[in-house]
Amino acid sequence: MIREWTEEALDHRNALLYAMGVTQEEATRPVIGVVNAWNEMNPGHYDLKEAADIIKKQIYVNGGLPRELPITGICDGICSNTEGDRYTLPSRDLVSTEVETVAELNRLDGMVLLASCDKVVPGMIMGLLRVNIPAVMLTGGYMPPGRWNDKMLTLTHTKQAYAAWTSGKIGREEYKEIVRNACPAPGVCPFMGTANTMCAMAEVLGLTPDGNAAVRAQSEKWKEMAREAGDRIVTLVQDEIRPRDIITLESFKNVIRYVMATGGSTNSLLHIPAAAAQMGYTITPELFDTISRDIPLISTIYPNHPTYTMEDFSKAGGVSAVLKELDRAGKIDRNIQGMFCTMKEKLEKAENLNGEQIHPVDAPIMKQGGLAILHGNIGTKSAVLKFSAVDTRVHCFEGKAKVYDSQDDGWKAMLRDEIHPGDVVVIRYEGPKGAPGMPHLETFMAAVLGKGLGAEIALVTDGRFSGATGGIAIGHVSPEAYEGGNIALIEDGDRICIDIDKRSLILDVTEKELAKRRENFRPVEKPSGGYLEIYRRNVNTSHEGATIYGRNKNIQQ
């Protein structure tokens, strides 16, 4: 029995259910929440309303009482390059709080959680791991890529086109056509960004139906997965199988292996540790780097590849096909469990349908995984780089610093052509506490790429990036500037040396000089209030996941 009730408390609840047309027989059924982040401001979630109806029907015919419960489901792209972006990462912890609240307050016996996007999927996973009642997820499927002038388009191309237009490389009408054609239908943006990385995390953890992370939105196959989720949750409730019964530290390591094999989002360094912390596990950036040195890059889609998108990845076999190739090389733990099937069962069904899109491990695209953790006197704890999206000719890069205390200042300088080839741009006070909220700096890097300078300018920041960012973009510098990290002490003209292969990020300034500068250090205070101020006061570092929910010490390992 999932929930214990006294007769009085149960009758009190039932009286309220009767007001909504629930019968006495229905009130005896297990109550299963369909926790839905659907809304009309997020194309990645726009199709979840249809999924909820399918799932509720399946729950009911299998003997459960479905109750739909709406929660937050933001789209990062809606607020990109605005003050609203400071809320995107904090919204992850808010989502986890909402999941915990609706589950515990309503005494749910089980949950099906519906989400697709960057912060909502990991937020839901954090919440369901804390609550630990029977739960499954369904993600919304990918959006088809756009096309214009016979070229593949995604949302990120709009920002690049803006920079190209303002610099005179394309006309205004061409820029507007790219905007009009970039997102042709609902679904998850079809590049290897955070959303697709997180949908894959849910699948690799065993929380979604097999193949869910690489299915097209609104397709018949996706609708069948919705029916499968509705059927499965009732069985899990009846058998009292909970997420923490099946998810282990090795489950999270499998997720990291997948991320490295596919060049997944740098934001995985925030979300995977934050989710694992809800089970009492500590996952550090160093673990990511250790796995990156062992797991080669075997599959790429945009921005790691110039034209491949989720559409191509899906046709090649999706997540399971990547896991199959890792398994053939003995680089995946095949003994973990799942809410729908075991990893062994998943691998038995998997098939790689395109060896050019998903390579075997012995013929990789790169010998190491897609992400690298850098260390030095900048980022004395850590910094992260997606080097699968970096030109191999510039794995070593040196230049003079140009320092800005916000993305907006750096972006405007870029558009004014004040930043030149060979510069190392430092954008600081964009970390979890400094912004506050750690907004992503995709707008700045899109301007760099739009001007054709992706291999000629480097960025170092305590902020973060969209998963679709390309170029020499080093983020998550920890300690951040607001907390007195050395990034706060960099001055215009300082030489910065980056060596990706050696994993080093060095400011060519003596310790004596840094100590002298530190005497005059005063953090930049950016305005915050409401939830952002709560987040600033309670958030841990990006090195630890940038969450207000640190390691859960009440979980027995």
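None of these values were measured; they are calculated from a predicted model. Throughout, residues of each chain are indexed from 1 in the direction in which the sequence is written. Two thresholds apply to this predicted model, a pLDDT of at least 70 for residue-level local features and 80 or more for giving and counting side-chain atom pairs, whereas whole-chain, interface and lining totals are computed over all residues. Where side-chain values are given, they derive from all heavy atoms of the structure, hydrogens and water being excluded.

Colleague: Explain the side chain of Ser80 to me, and be specific about the residues and the numbers.
Modeller: To qualify as a helix, a DSSP run of H or I must reach at least 4 residues; to qualify as a strand, a run of E must reach at least 2; elements of each kind are numbered from the N terminus. Relative to the assigned elements, Ser80 resides in the loop between β2 (65–70) and α3 (88–105). Counted as a polar contact is a pair of N or O atoms within 3.5 Å, where, for protein atoms, one must be capable of donating a hydrogen and the other of accepting one, and residues adjacent in sequence contribute only when both atoms are in side chains. Engagement of the side chain of Ser80 in a polar contact is seen with the side chain of Lys159, the distance being 3.0 Å. Engagement of the side chain of Ser80 in a polar contact is seen with the side chain of Glu442, the distance being 3.2 Å. By definition in these notes, contact holds between two residues if any of their heavy atoms fall within 4.5 Å. Apart from the residues within four sequence positions on either side, Ser80 is in contact with Lys159, His440, Glu442 and Thr443.

Colleague: Before we move on, could you go through helix α14 (residues 318–328) and cite the residues and values that matter?
Modeller: Think of an α-helix as 3.6 residues a turn; residues three or four steps apart then line up on the same face. Judged by how many residues are buried, α14 sits mostly within the fold: ten of eleven residues are covered. Between buried and exposed lies partly exposed: a residue is buried under 20% and exposed over 50% of the maximum accessible area for its type, with that area taken using a 1.4 Å probe on protein chains only. All of the buried residues in α14 are Gly318, Val319, Ser320, Ala321, Val322, Leu323, Lys324, Glu325, Leu326 and Asp327. Contact partners of the buried residues in α14: α7 (194–204), α10 (249–262), α13 (310–316) and α15 (343–349). Note on α14: the residue one or two positions beyond its end, Gly330, has a positive phi of about 70°.

Colleague: Could you give me a rundown of the packing of aromatic side chains, with the residues and numbers involved?
Modeller: In this scheme Phe, Tyr and Trp rings, the latter by its six-membered ring, pair at centre separations within 6.5 Å, and the angle between planes marks the pair as stacked below 30 degrees, edge-to-face above 60, and tilted otherwise. Tallied over the entire structure, the rule returns five aromatic pairs. With 5.4 Å between their ring centres and 5° between their planes, Trp165 and Tyr175 make a pair best called stacked. Here Trp165, found in helix α5 (residues 156–166), pairs with Tyr175, found in helix α6 (residues 172–181); they are ten residues apart in sequence, far enough to count as distant. Aromatic pair Phe252 and Tyr281: ring centres 6.3 Å apart, planes at 70°, arrangement edge-to-face. In this pair, Phe252 sits in helix α10 while Tyr281 sits in the loop between α11 (268–277) and α12 (285–294), placing the two residues 29 residues apart along the sequence. Phe252 gets classed as buried once you look at its relative accessible area, which sits at 0%. Among the aromatic residues, those joined into a cluster by ring pairs are Tyr162, Trp165, Tyr175 and Trp411. Over the ring of Trp38 we find Lys49; its NZ or CZ atom is 4.4 Å from the centre of that ring. Here, a charge over a ring means that NZ of Lys or CZ of Arg falls within 6 Å of the ring centre while also lying within 35 degrees of the ring normal.

Colleague: How would you explain helix α1 (residues 7–18) if you had to name every residue and give the values?
Modeller: To estimate the expected span of a helix, count its residues, drop one, and scale the result by 1.5 Å. Helix length check: α1, at twelve residues, gives a terminal C-alpha distance of 16 Å against a target of 16 Å (1.5 Å per residue), a fit within 8%. Within α1, burial applies to Arg13, Asn14 and Leu17. Down the axis, α1 shows its buried residues gathered within 100° of arc, on one side only. In this structure, α1 carries Glu8, His12 and Leu16 as exposed residues pointing more than 90 degrees from its buried face. Those residues of α1 that are buried are in contact with β1 (31–36) and β2. Picture the helix axis, draw a direction to every C-beta atom, and the arc is the one those directions span.

Colleague: Talk me through unusual backbone geometry; I want residue IDs and the actual numbers.
Modeller: Of note, the amide linkage connecting Ala435 to Pro436 takes the cis form, showing an omega dihedral of -20°. By the secondary structure assignment, Pro436 is in the loop between β10 (424–427) and α17 (442–450). Note that the residue after Ser478, namely Pro479, is joined by a cis bond; omega there is 5°. Non-glycine residue Asn149 carries a positive phi angle of around 55°. Mapped onto the secondary structure, Asn149 falls in the loop between β5 (146–148) and β6 (151–153). Residue classification places Asn149 among the exposed positions, given a relative accessible area of 55%. Positive phi, normally seen in glycine, also occurs at Arg503, with a value near 60°. Here Arg503 is to be found in the loop between β13 (495–499) and β14 (504–507).

Colleague: If you had to explain the side chain of Arg464 to someone new, which residues and values would you point to?
Modeller: Tracing the chain through its elements places Arg464 in the loop between β11 (458–461) and β12 (472–478). Despite being buried, Arg464 has no salt bridge partner; Asp76 is the closest side chain of opposite charge, sitting 4.2 Å away. One polar contact links the side chain of Arg464 to the main-chain carbonyl oxygen of Met438, over a distance of 2.5 Å. Beyond its immediate sequence surroundings of up to four residues, Arg464 is in contact with Asp76, Asp85, Thr88, Leu89, Lys119, Asn267, Leu270, Met438, Pro439, His440, Leu441 and His476. None of His or the chain ends enter the tally, which takes Lys and Arg as positive and Asp and Glu as negative. Any carboxyl oxygen of Asp or Glu within 4 Å of a side-chain nitrogen of Lys or Arg constitutes a salt bridge here.

Colleague: Can you break down the sheet that holds strand β7 (residues 372–374) residue by residue, with the values?
Modeller: Pairing between strands is defined by DSSP: at least two bridges between them are needed. Strand order in the open sheet formed by eight strands is β7-β8-β12-β11-β10-β9-β13-β14, and the pairing between neighbours is mixed. Bordering the open sheet on either side are β7 and β14, each of which pairs with just one other strand. Each neighbouring strand pair of the sheet contributes to a mean axis angle of 30°, computed without reference to strand direction. Bridge analysis of strand β9 (residues 396–404) against β13 gives five bridges, and the strand direction is antiparallel. Following the sheet pairing, Lys400 is matched in β13 by Arg495. Simply put, an axis is a line fit to the C-alpha atoms, just over the touching stretch for a helix, and the angle between two N-to-C directions goes from 0 to 180 degrees.

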